[in-house]
Structures are given as C-alpha cells and as structure tokens.
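Structural features, examined
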Amino acid sequence: MSKIALITGITGQDGAYLAEYLIKKGYIVHGMKRRSSLFNTDRIDHLYQCPHQKERKLILHYGDLTDSMNITRMIQEVQPDEIYNLAAMSHVKVSFDTPEYTANADGIGTLRILEAVRLLGLTQKTRIYQASTSELYGLVQEIPQKETTPFYPRSPYAVAKLYAYWITVNYREAYNMHASNGILFNHESPLRGETFVTRKITRAVSRIALGIQDMLFLGNLGAQRDWGHAKDYVRAMYLILQQQEPSDYVIATGITTAVREFVRMAFEELGMEIAFYGEGIDEKGKIVGIDEKLFIEKAGEECLEDAKTLVGKEVVAVDKAYFRPTEVDLLIGDPTKSKTLLGWQPEYDLPALVKDMMRSDVKEVKKITLLKKEGYRVLNYFE
Ligand code: NAP
Ligand code: GDD
C-alpha cells in the first residue's frame, strides 16, 4: 500500500520539490492549490496527471488555509498518513502590508489543520509537519541559533509563524499527536519566487549581463542569511516525519553570507567582477572587469560585446523601498540535532546553489532575448 501525503502549498517552491520527492518514494500525493485567475501550477506541471487518468500519483484539490470547512473536508476525503503544512503568505516584507491576512493564513491556518485532524479522529494515524522558520529568531538572542534559542520575531509573518510553532507543540503535548516543527533557515533554488532576494539577484544579474536590464535595486545589502538549497531541505521534512517520536529540528547549513556577497558570487558565475563602494543608501556596485573566456562559456559569445560595455558602469544601487520596518540582520543555524538524529546532510553548498540558480536564469533570459527580437514586450520587475 502506498503512503498518502497531503501537501498544502504544493504550488510553491518547497511544495513542488517535496511532491516530486515523495512521488519518487512511492507516495500518492494530494495537494491543496488555491483558485487563481491564471494557472498557478507552473512548478508542478511536470508532475501533473489529468483527472481522467487512473491510479494517479498526484491529485490536486482546491483549497485555502483560511477556510476551515474546506480543510476539514479535504483531510476527511484524503485520510492522509502525513500532512506537510507548507502553505503560507511567505514574504516577510509583504506581511507588513497584509498583517491580518498573514496571521489568519500562517497562524490560524495551522490551527485549522491540527484541529481538523483531531476532530476527525486521525490523531494516531496522521503525522503533521509544520513549516516553521528561522524568522522566529528575528532579533537573535544567541549565535548560532539552535532548537533551544529563544525566539524574538520581527515581522507580522514571524509573529504568525510563532503562533503556528507553539500550537503545533501544544497539540503534540495535549493530544499525543505526531506533530513536528522544521525550523528551516532560508533555502533557495531555481524555483524560488522572483521577489525573494536570491532569485531577484540571479534573475537580475542574468538580465543585466545579457542586456535586457540596466540596474538592480536592492534594500539591506548587509543582511546575512544562512542559505541552503530547497532540494536538500525537503529531504529533511520527510525525515522529520519518519522519526518514531515527534520533535522540532533546526535545518540549516551553519554558514552565513551577506546579500552583497551573494550579488558578487552571482556576477562571478558569468566571469564578471563587481566592486562595491559608498555606504548605506549611497552604496553602489560597479562592474570592474570581465573574464571573456568564462563569460563566453556561461552566457555565449553572441552577448560578449554588449557585456564588455558594462565595465565601468554602476549596475547595483540601494533603494530604501526594500527596507523593512524591523529587519532581521543576521541568521545562522546550528544543524547539529538534525545531522545527528535525522542523519540529514545537505548536498549543496552556497557556490553550488548560486551556480544552479544562475544556470537556470541565464537559460530563461536567453529565451526572453529571442522573444524580444520577435517583438515581444519584456517587462522589468524590480520588486
Ligand atoms: P512559497 O514558494 O511562497 O509557497 C507558498 C505556498 O503557499 C504556495 O503554494 C501558495 O500558493 C500557498 N499559499 C499561500 N497562501 C495560501 C493560503 N491562504 N491557502 C492555501 N495556500 C496558500 O514558499 P516556500 O518557499 O515554498 O516555503 C514553504 C513554507 O515554508 C512556507 O510556509 C514558508 O513560510 C516556510 N519557510 C520557507 C523558507 C524558505 O526559505 N523558503 C524557510 C522557512 C520556512 P500560490 O502558489 O497560489 O501563491
Ligand atoms: N526580498 C528582498 N528584496 N530582500 C532584500 C532585498 C530586496 O530587494 N534587499 C535586501 N534584502 C534582504 C532582506 O531585507 C532580508 O534581510 C534578506 O535580504 C532576505 O530577504 P528574503 O529573500 O526576502 O527572505 P527572508 O529572509 O526575509 O525570508 C525568507 O526566509 C525565511 C526563513 O528565514 C522567506 O522564505 C520566509 O518565508 C522564510 O521563513
């Protein structure tokens, strides 16, 4: 008998990688997707199976974390062995604009799932993974952060996730449920949403190098994050639910890097050297050199002449529109518990992550360049 998993947030970055991973392991995967006026399943289209097909491995259901009845009915129908609650309004900056909705979806949404499992009498059958976050540490009280580090959330998103974290612990203790938190540090990939900083950078660097964007505007260049690859992190989610006992785990690489350095690494992937000068809001990044051989290898000879004209030009600037009212300056996790108890080991380091994201974005930009030649309008999103 195949195990049955229900993934909320299956159309997101982690949902897509996790669905693929579980299907490969022989699971039948059910996913909650939101109704949207346009198709929103790009990330899982390669896994999609038409509803008329028999013995499907992937089955999608319309739903929303703000709708208790929908959640309860879906869990009743699916009778999952494992629920991975990945759905969330996951953008920290946007949570300052939509605090009430964020609390409802990211905080109370988790309660709705736990309570549905309890009311349906599934507490001994269904294991629950809650997508908790290093944002809980916010204004960090200890370096590096581990499972016992006190939380100090710094955004409506993080405060909502704090509720979700503790309600998961409470249901575990009160009703003896197999409910666990993965406290995941930032994880990225070619599937990362375009407005998170790493993807915004790899996408913009590819576009600048290939001549379809002039500038990259960023916020806090000094913010430091512990970045890993989403492919490694979904393996940890699975491992957490395979343990005999439920518990909470930090998933991180143990290395932290500044946003500015991520920008440098992204340009370096294409053989371009960037230097930063100035401070605070006046800080700028200027291209100071190009390794032509490497550029040709990574981006193609046809773009080299245009790329050479970038040397001496400013291509990165700070825009305070991207600052947050309260910032999280530094995150660095201690993954000792997950490495020891789960046997989890990441395969990607930061250079390998940057390489993977740049390879994918350069490929994408090349397609766009061709479309542009055909007269298509190319939009510039700076968000
Ligand atoms: P993501 O790419 O933003 O995906 C979020 C998913 O949630 C999408 O499928 C989205 O649907 C769905 N969603 C949003 N609001 C919903 C609602 N009200 N009802 C139902 N579905 C809803 O996020 P991710 O990077 O994959 O992260 C997955 C989870 O891990 C999130 O809970 C996030 O907060 C948490 N987390 C992420 C990281 C990280 O670095 N990536 C680190 C720690 C924790 P649409 O596709 O329709 O928008
Ligand atoms: N998004 C964005 N855009 N961030 C910028 C920019 C910019 O132009 N410029 C600088 N930053 C800084 C942010 O201020 C933040 O300090 C850092 O880059 C990372 O921002 P994001 O990539 O938006 O991620 P996040 O750390 O706020 O949140 C992500 O990771 C959390 C785990 O720690 C999200 O995936 C959350 O859902 C997740 O919980």
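Below you will find a few notes about this structure. Since we're looking at a predicted model, the values are computed, not measured. Position numbers for residues count from 1 along each chain, tracking the sequence in the order it is written. A letter from A marks each chain and a number from 1 marks each ligand, given out in the order of writing. Local features are withheld for residues below a pLDDT of 70 in this predicted model, meaning they are given only at 70 or higher, and side-chain atom pairs are given and counted only at 80 or more; totals for whole chains, interfaces and linings count all residues. Side-chain calculation: all heavy atoms of the structure are included, whereas hydrogens and water are not.

**As for the packing of helix α8 (residues 259–269) against helix α12 (residues 350–373)**
Packing of α8 against α12 brings their axes to within 10 Å, and their N-to-C directions diverge by 60 degrees. Viewed along their axes, α8 and α12 adopt a mutual orientation that is oblique. Note on packing geometry: the crossing formed by α8 with α12 is right-handed. Every residue of α12 that contacts α8 at F262, M265, A266 and E269 is listed here: L350, P351, V354, K355, M357 and M358. Tallied by class, the residues present in the contact of α8 with α12 amount to eight nonpolar, no polar and two charged. Lines are fitted to the C-alpha atoms to define the axes, a helix being fitted only along its stretch in contact, and any angle between axes, read from their N-to-C directions, falls within 0 to 180 degrees. Each helix is a run of DSSP H or I of at least 4 residues and each strand a run of E of at least 2, with the numbering of both proceeding from the N terminus. By definition in this entry, angles of less than 35 degrees are roughly parallel, angles greater than 145 are roughly antiparallel, angles of 65 to 115 are roughly perpendicular, and the rest are oblique. Rotating anticlockwise by less than a right angle from the far helix to the near helix defines a left-handed crossing, while the corresponding clockwise rotation defines a right-handed one. Contacts are assigned to residue pairs with any non-hydrogen atoms lying within 4.5 Å of each other. Residues are sorted three ways: Asp, Glu, Lys and Arg are charged, Ala, Val, Leu, Ile, Met, Phe, Trp, Tyr, Cys and Pro are nonpolar, and all the rest, Gly among them, are polar.

**Observations concerning the packing of aromatic side chains**
In this analysis, rings of Phe, Tyr and Trp, with Trp reduced to its six-membered ring, are considered paired at centre separations within 6.5 Å, and the interplanar angle assigns stacked below 30 degrees, edge-to-face beyond 60, and tilted for intermediate values. Applying the stated criterion to the full structure yields 10 aromatic pairs. Judged by centre distance (6.3 Å) and plane angle (75 degrees), the rings of Y27 and Y238 are edge-to-face. Of this pair, Y27 sits in the loop between α1 (13–24) and β2 (28–33) while Y238 sits in helix α7 (residues 230–242), and the two are 211 residues apart along the sequence. Only protein chains enter the area calculation, which uses a 1.4 Å probe; residues under 20% of their type maximum are buried, those over 50% are exposed, and those in between are partly exposed. What makes Y27 buried here is its relative accessible area of 4%. Between F151 and Y165, the aromatic rings sit 4.9 Å apart at their centres with planes inclined by 80 degrees, giving edge-to-face as the arrangement. Of this pair, F151 sits in the loop between β5 (127–133) and α5 (156–175) while Y165 is found in helix α5, placing the two residues 14 residues apart along the sequence. One aromatic cluster is present, built from ring pairs that chain together Y137, F151, Y165, W166 and F185. For a lysine, the NZ atom is tested; for an arginine, the CZ atom; a charge sits over a ring if that atom is within 6 Å of the ring centre and within 35 degrees of the ring normal. The ring of Y175 has R118 sitting right over it, with the charged end atom 4.5 Å from the ring centre.

**Points about the packing of helix α6 (residues 197–209) against α8**
Each packed pair of helices is defined by two parameters, the angle between the axes and the distance between the axes. It is the contact of α6 with α8, at a shortest axis distance of 10 Å, that shows an interaxial angle of 35 degrees. In the packing of α6 onto α8, the handedness of the crossing is right-handed. Two secondary-structure elements touch here, α6 through V197, T198, I201, T202, V205 and I208 and α8 through V259, F262, V263, A266 and F267. For the contact of α6 with α8, the per-class residue count stands at nine nonpolar, two polar and no charged.

**Some points on the pattern of salt bridges**
Any carboxyl oxygen of Asp or Glu that lies within 4 Å of a side-chain nitrogen of Lys or Arg is treated as forming a salt bridge with it. Tallied over the entire structure, the rule returns 22 salt bridges. Across the salt bridge formed by R73 and E77, the nearest N and O atoms sit 3.3 Å from each other. Taken together, the positions of R73 and E77, both in helix α2 (residues 68–78) and four residues apart, correspond to about one turn of that helix. The residue D248 makes a salt bridge to R172 at a minimum N-O spacing of 2.9 Å. Of the two residues, D248 sits in the loop between α7 and β11 (249–251) while R172 sits in helix α5, which places them 76 residues apart along the sequence. Each member of the pair D248 and R172 is classed as buried. When salt bridges that share partners are traced, they join E135, R225 and E327 into one network.

Any functional reading would require information that these geometric values do not contain.
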